[in-house]
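# Structural description and commentary
The primary structure of each chain is shown beneath.
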Amino acid sequence: MQLRYSFRLDPAPAQRIALARAFGCARVVFNDALALRRQAHTDGLAFITDGELSKQVITEAKQRPDRAWLGEVSAVVLQQALADAAMAYRNFFASLSGKRKGPKIAAPRFRSRKDKRQAIRFTKNARFKVGEKLTLPKIGDIAVRWSRPLPSDPSSVTVIKDAAGRYFASFVVEVTERPLPRIEAETGIDLGLGHFAVLADGRKIDSPRFLRRAEKKLKRLQKVLSRKEKGSANRVKARRKVARQHAKVADARREFHHQTSTRIVRENQAIYVEALAVKGLARTRLAKSVHDAGWSAFVSMLEYKAKLYGRAFARIDRFHPSSKLCSACGNLAQVMPLNVREWECACGVRHDRDVNAAINILAAGRRQVAAGRKPGPEMGGKRRPETPVEAGKTPRPTRKRRARGAADEAGSHRSAA
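What you are looking at is a predicted structure, and each value in this text was computed from that prediction instead of being measured. (Residues numbered from 1 in each chain as written. Predicted model: local features only at pLDDT ≥ 70, side-chain atom pairs only at ≥ 80, totals over all residues. Heavy atoms only, no water.)

Scanning the chain from N- to C-terminus turns up 11 helices and 14 strands. Counted over contacts in the chain with a minimum sequence separation of 6, partners at least 24 positions apart contribute 70%. (Helix = DSSP H or I, 4+ residues; strand = E, 2+ residues; numbered from the N terminus. Contact = heavy atoms within 4.5 Å.)

Here you go:
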């Protein structure tokens, strides 16, 4: 399987200028490709092929005085920018035709030098070298903060400049699966806001709420930014301070996700997670807390790490009534308001709402695996009816009902937000 390894770069002042030139050239090639295809569509001409596009926006463009500076950067950077434009159109057409699953994708847009993220990509054809430093053609040897060695030779490297002005090198490497010793423990995970995650064995992982904790400082920095004159150098400095604070929040959240997901994968042979409707929750009053939790990124980490270490992983249908179902007798409660954190079943068993949900998710995951069914829908996906009869009798939930049901399964209440 392929994984990405990212490392911080420390380019010298001259190398920053060279990288800025490469970012600009890649952006111009991408925009020229989009402009040609849009013009051809407007004029009613045939769709321009990738080969013809490369000839016009790179080969012939270098011969023109207004594009002669394209020759100052590596040709691989320009070819990869053109490949990105072609891929953007392929994804757009696949989305229109229904071949691509998920939400609809908009048509490719022009890139701007003011975009928060600038990136260029080098493949093996560029003959970049990885050693004590990263050697890039027409840029030089860039200092890298190596935190660990690469498991294999990278097939490509993407140089990124983020909104905070930081530079990163993202390597794509081939990694062989490293199965861990088999263990008997299995777990179901109920994700929420009061607690970030509750496991089937009763353990509760507190939610760090990184964004909430940084709100006071962010508010002060945003206020300073709003008072700066537009277009001034001081406004650029203030904007970068805000971006750095947001980057700190994102880095802390990502580190928490990595540590938590790795620990869960190492301690359990099988992991089952409920597929929450994150997009539905993001339209409610819980939106900021939902984005702060970062459930989708966390579950994605669980999935690829489970595959890497030889563990089983499955998503459970988000319409499974995990909170309202008694894990002892199977009785289903009719109503379960969000403020009910503990409840007693008619059989006499008293449940912690979140722990009971995690136990039910574990049981549903085991039944799903035993039946040989595929994992449930992706986070935010549509419901998959189990039988044709059920499909004909079950009405499709409205947007409001989907959001309300997702909020109920999030296991949170007003004070948690």
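What follows concerns the packing of helix H5 (residues 233–267) against helix H8 (residues 295–308). One can describe the packing of H5 onto H8 by two numbers: an axis separation of 9 Å at closest approach and a directional angle of 40 degrees. Considering the angle they form, H5 stands oblique to H8. For the pair H5 and H8, the crossing hand works out as right-handed. Across from Arg 254, His 257, His 258, Thr 260, Ser 261, Thr 262, Ile 264 and Val 265 in H5, the residues of H8 making contact are Ala 297, Phe 298, Met 301, Leu 302, Tyr 304, Lys 305 and Ala 306. Classifying every residue of the contact of H5 with H8 by side-chain character gives eight nonpolar, five polar and two charged. (Axes fitted to C-alpha atoms, helices over the stretch in contact; angles between N-to-C directions. Parallel < 35°, antiparallel > 145°, perpendicular 65-115°, else oblique. Left-handed = near helix turned anticlockwise from the far one by under 90°. Nonpolar A, V, L, I, M, F, W, Y, C, P; charged D, E, K, R; others polar.)

A few words now on the nonpolar core. By size, the foremost hydrophobic cluster in this structure holds 77 residues, and its most contacted members are Ile 120, Phe 122 and Trp 295. The contacts of Phe 122, once residues within four sequence positions are left out, are Ser 74, Val 76, Val 77, Phe 128, Leu 136, Pro 137, Ile 139, Ser 156, Val 157 and Val 159. Grouped together as the second largest cluster of nonpolar side chains are nine residues, Tyr 272, Ala 314, Ala 358 and Leu 362 included. (Core = buried A, V, L, I, M, F, W, Y, C linked by side-chain atoms within 4.5 Å. Buried < 20%, exposed > 50% of the residue type's maximum accessible area, 1.4 Å probe, protein only.)

Now for the sheet that holds strand E5 (residues 140–145). The strand order across the open sheet formed by seven strands is E2-E6-E7-E1-E5-E4-E3, and the pairing between neighbours is antiparallel. Both outer strands of the open sheet, strand E2 (118–123) and strand E3 (129–130), are each paired with one neighbouring strand and no more. (Pairing = 2+ DSSP bridges.)

Either a parallel or an antiparallel arrangement is found when strands of a sheet pair, and the pairing is made through backbone hydrogen bonds. Pairing in this open sheet of five strands is mixed, and the strands run E10-E9-E8-E11-E12 from one edge to the other. A strand with exactly one partner marks an edge of an open sheet, and here the two such strands are strand E10 (204–206) and strand E12 (312–316). Direction aside, the axes of adjacent strands within the sheet are offset by 20 degrees on average. Bridging between strand E8 (residues 186–191) and strand E11 (residues 270–274) involves four bridges; their strand directions are parallel. Counterpart to Gly 188 in the pairing with E11 is Tyr 272. Contacting E8, strand E9 (195–199), E10 and E11, H5 runs over the sheet at an angle of about 170 degrees to E10. Packing against the sheet, helix H9 (residues 353–370) makes contact with E8, E9, E10, E11 and E12, and its axis sits at approximately 130 degrees to E8.

So, on to the side chain of Arg 253. Counting through the fold element by element, Arg 253 comes out in helix H5. Residue Arg 253 is classed as buried on the basis of its relative accessible area of 15%. For Arg 253, the contacting residues outside a window of four places in its chain are Phe 210, Leu 211, His 291, Asp 292, Ala 293 and Gly 294.

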